[in-house]
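Fold and contact review
Chain residues, written in single-letter form:
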Amino acid sequence: MTNLMISLRRSPRTLLERDGHPGPGPGRLGLVMARAGVGKTAFLTGIGVDALLSGQKVLHVSLERTIDKIREWYDEQLVEMLKRDRKLEHLSAVQLTMERNRHIHTFVGQSFSVDRVRQTLALLRDAMEFVPAVIILDRMEYAEVDEPAIAELKSMAAEVGAELWMACRTHRDGPSAAPGHLPPPADGFEDLVDAAFSLVPQDAKVRLHVIKDNQEIVEKGLNILLDPQTLLLVTGVAAKR
Amino acid sequence: MSSDIHKIRNIGISAHIDSGKTTLTERILFYTQRIHTIHDVKGKDGVGATMDHMELERERGITITSAATHVEWKDHHINIIDTPGHVDFTIEVERSLQVLDGAVLVLCAVAGVQSQSITVDRQMKRYKVPRIAFVNKCDRSGANPQRVTRALRDKLGHNAVLLQLPIGLEAKFEGVVDLVEMRAIYFRGDNGEQIENGEIPAELQAEAEERHAELLDAASMFSDELMEAALEDNATPELIREAVRKGVLSLELTPVFMGSAYKNKGVQPMMDAVTFYLPDPTDVPIEAIDLDQDGAAVELQPNPDAQTVAYAFKLDEGRYGQLTFLRVYQGTLRKGDTVIQTRTRKKIKIGRLVRMHADKMEDIEAATAGDIVGIFGIDCHTGDTFAAAGPQINMTSMYVPDPVISLSVSPVDSKAQDNMSKALSRFTKEDPTFKVSLDPESNETIVSGMGELHLEVYIERMRREYSAEVETGAPQVAYREAISRRADFDYLHKKQTGGSGQYAKVVGYIEPSKDGEYEFVDKIRGGRIPTEYIPACDKGFRSSLEKGNLIGFPVVGVRAVLTDGNSHAVDSSDMAFMTASRMAFREAYKRARPRILEPVMRVSVEGPGEFQGAFYKSLMQRRGTVLGSTEDAGFARVDADVPLAEMFGYSTDLRSATQGKAEFTMEFSKYAPAPKEVSEELLKKYRINVSDEEDA
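Here we summarise the structure given alongside this text.

How each quantity is defined
- Residues numbered from 1 in each chain as written.
- Chains lettered and ligands numbered in written order.
- Predicted model: local features only at pLDDT ≥ 70, side-chain atom pairs only at ≥ 80, totals over all residues.
- Heavy atoms only, no water.
- Helix = DSSP H or I, 4+ residues; strand = E, 2+ residues; numbered from the N terminus.
- Contact = heavy atoms within 4.5 Å.
- Areas by Shrake-Rupley, 256 points an atom, 1.4 Å probe, with all protein chains shown as cover.
- Buried area = accessible area lost by both parts, 1.4 Å probe.
- Salt bridge = Lys/Arg side-chain N within 4 Å of Asp/Glu carboxyl O.
- Polar contact = N/O pair within 3.5 Å; in protein donor to acceptor, adjacent residues only side chain to side chain.
- Axes fitted to C-alpha atoms, helices over the stretch in contact; angles between N-to-C directions.
- Parallel < 35°, antiparallel > 145°, perpendicular 65-115°, else oblique.
- Left-handed = near helix turned anticlockwise from the far one by under 90°.
- Nonpolar A, V, L, I, M, F, W, Y, C, P; charged D, E, K, R; others polar.
- Buried < 20%, exposed > 50% of the residue type's maximum accessible area, 1.4 Å probe, protein only.

1. Observations regarding the overall build of chain A
- Of regular secondary structure, chain A possesses eight helices and nine strands.
- For chain A, contacts bridging at least 24 residues in sequence account for 73% of all contacts bridging at least 6.
- If you sum the accessible surface of chain A, you get close to 10,400 Å²; carbon and sulfur atoms cover 48% of it.

2. Structural notes on the interface of chain B and chain A
- In this complex, chain B contributes 26 residues to the contact, which on the side of chain A involves 24 residues.
- Summed over both partners, the interface of chain B with chain A buries about 2,100 Å², with 53% contributed by carbon and sulfur atoms.
- Of all residues in chain B, the largest losses of buried area upon contact with chain A belong to Asp-154, Leu-627 and Glu-631 of chain B, amounting jointly to 31% of the total for that side.
- Between the two partners, chain B and chain A, sit one salt bridge.
- Seen at the junction of chain B and chain A, the total is 12 residue pairs in polar contact (both at pLDDT 80 or more).

3. Notes on the packing of helix H10 (residues 414-430) of chain B against helix H11 (residues 452-466) of chain B
Residue and element names in this part refer to chain B.
- Interhelical geometry of H10 versus H11 gives an angle of 125° and a closest axis separation of 10 Å. Comparing the axis directions of H10 and H11 gives the class oblique. For H10 against H11, the interelement crossing comes out right-handed. On H11, the residues that touch Asn-419, Met-420, Lys-422, Ala-423, Leu-424, Arg-426, Phe-427 and Glu-430 of H10 are Tyr-458, Arg-461, Met-462 and Tyr-466.
- Broken down by class, the residue content of the contact of H10 with H11 amounts to seven nonpolar, one polar and four charged.

4. Some points on the side chain of Asp-194 of chain A
Residue and element names in this part refer to chain A.
- Relative to the assigned elements, Asp-194 resides in the loop between strand S5 (163-169) and strand S6 (195-202).
- Residue Asp-194 is classed as buried on the basis of its relative accessible area of 3%.
- At 2.7 Å, the side chain of Asp-194 forms a polar contact with the backbone nitrogen of Leu-29.
- Here Lys-154 takes part through its side chain, which lies 2.9 Å from a polar atom of the side chain of Asp-194.

Pasting the structure below:
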């Protein structure tokens, strides 16, 4: 099962790793930036799926969405990967392994608070011995979580040794990035961001740029094209690199 | 009956147990003048609400059966199909969902969207039932319809939009603001029967305008005309209603209404909403299958002159014998007509046709497409289709899940024996998920169903309605066996020692099938096995599936492929090929790595947030896979997949761990391979049982 799962990995992360941008690392924050509707959530789900396929535990925290909806996203990506490898018969076995290593926690209405996330982490550890290696905060925009809250979330992730991922929405007509800085509104908390990526629609595909890595702004563009539906690697040149 | 099909509404009222559904139904009957006094659920007068017609339901304060009641409201004919709130009776819920065109989702203004609402809503989604929401109990302390609306969006994923605002809340709840007409509505008189319209109270004006704008935004998505009118500040109530209706029919909008049925407030506007926004029978495509065309899908037309097609969705044993509830989907059903029961091909004469009101039964001459009626004196099962002469139409069969739990029942004396058989034959007709079988070894009667409560209710009904006193055994989980890899077979069955002999040879393989169903494939070329013996081979494999070799439970998901074989001109027979196939299966089965599958239930536990950790623990202890958790204003819900075998006694444990503050629902999720320790334990038990029987 382990070999099969590793062989399934189709996340852009596999390429980032090869190019020396493996992502933020434990206790650090990774940020994906894009305009509304480009696929931030799909990208974050991809990070989750990839971690699960690598045998890591994932805590997916979401505002707005239902547990069923989030499970659907994971399942869709998994089905896509299995289809490409013609291994759909393994679906339920891989699904089960993923389910055991994933916990989805959703907040309804105004219930979200960093404290509640911290408490849930403690409950998961005490009641289920569940300690995530990756924490995904989905559907949480900068407007909802301010800088001190992000700092706190980061230290909470550091305590359990987990990598933290968030999304940040940019605006079509918003100001562009000042040289050496992240684009707004992420420039407001950029010191806390260890790695940042942006998604830009291009010719019916989505192009992934690394904009910050290892706490340094990256100038060199990376040539990774993603499927606009799944945000997985497009088969072809990019996937074969 | 109105000849205008556009004025028929077949609706369900769906709700969590304590959200006041029965009270609401009672008020609807009162306002539509079907009843003349109001009783409450578990009322002090001991009469009880009218729709809750079973004694058992009355006692438990829950609704189990789905009776259909006809009411008239403002020139519309509304059939209310009472949908059960408890998920253990899934088939009852699903059966009602199949015949209704729309639904009112009743939510409690205090408790909001609870776990059962989530399960029932999931089922409605599956059947694509358009719905409007009614937030009840706005008079209770802690009522907050806006929070409930948010929960509709966040927990159920509805695009919920307010069509009303409350005027006052809790003890001060007075009426509602109608955000379409932009006016206040008050309910006067002893029973709220006098509607009084007025100006929106000044303190609510600003909020009403803001919500009205939100409503326009949401509704405009479904109507360009409204969008243009809104831009010109010219949106009329008609345009808004039309757009909201489109949104509701496309399942993309859920308008939210509110009130307090108990305090007689808000019910009439909700009834108006049923006529405005929920579909009439022509709005919903009806798919059936044509058995003459190899089961090809056909769309029925709600046309009174077409071939009559009706569907039995509910049986009721009444004073006058069996009453069958039918929905007429196409054509007209007249008293004295002869129709054909598709399943049995029997001709049935419609002797008596009735419309069920809450207080009485009305004899009618005819019922047209879209209508729901009762007929007397026919022998049928629920799910049967009746069609006039013509193509053999069958309504698409309802998905019937396999039972997951069973227990033995034995009558205490011979009188109970007779009554029990009567009761069981009745229940199996009513409920396809309730099954009865005879254990050939112990000679005990076994009843099977979808959950502990499901069986308990039937046992209880046997006692009460049929005076059949029975003793029950411990509940047993319905395991399955399945193979996990391909195994070849090459088996020769040969007995040729004097007299007529037996000779059959089968070669091929068995492997897991893709969809979990049994499949038989004949790949024999050149007549190595004569065609006439092929069905016997199929039969042989099929009979092997009834009882697997591991623990004696049915084997599922086998694909048996026959590639070669041999026969003898004189000694081959159906019997010989059946035996050969059975033996071949038995041998190959051992090599196909068989394993035990156990039923896994989707469990949702919900209660105050302080118990979140206790929920995790309790589910983990029961071998659960926790899927996720949700927090909502101090409440926590945890969803998990838990093997049914571990769920016995969970309600008691949960109650004691949470001082009765938490509740849970469960429904069948899937069959999954049992872990090694569990399988070994089951194997051990089975072997001991078998050797005990052999010793005996």
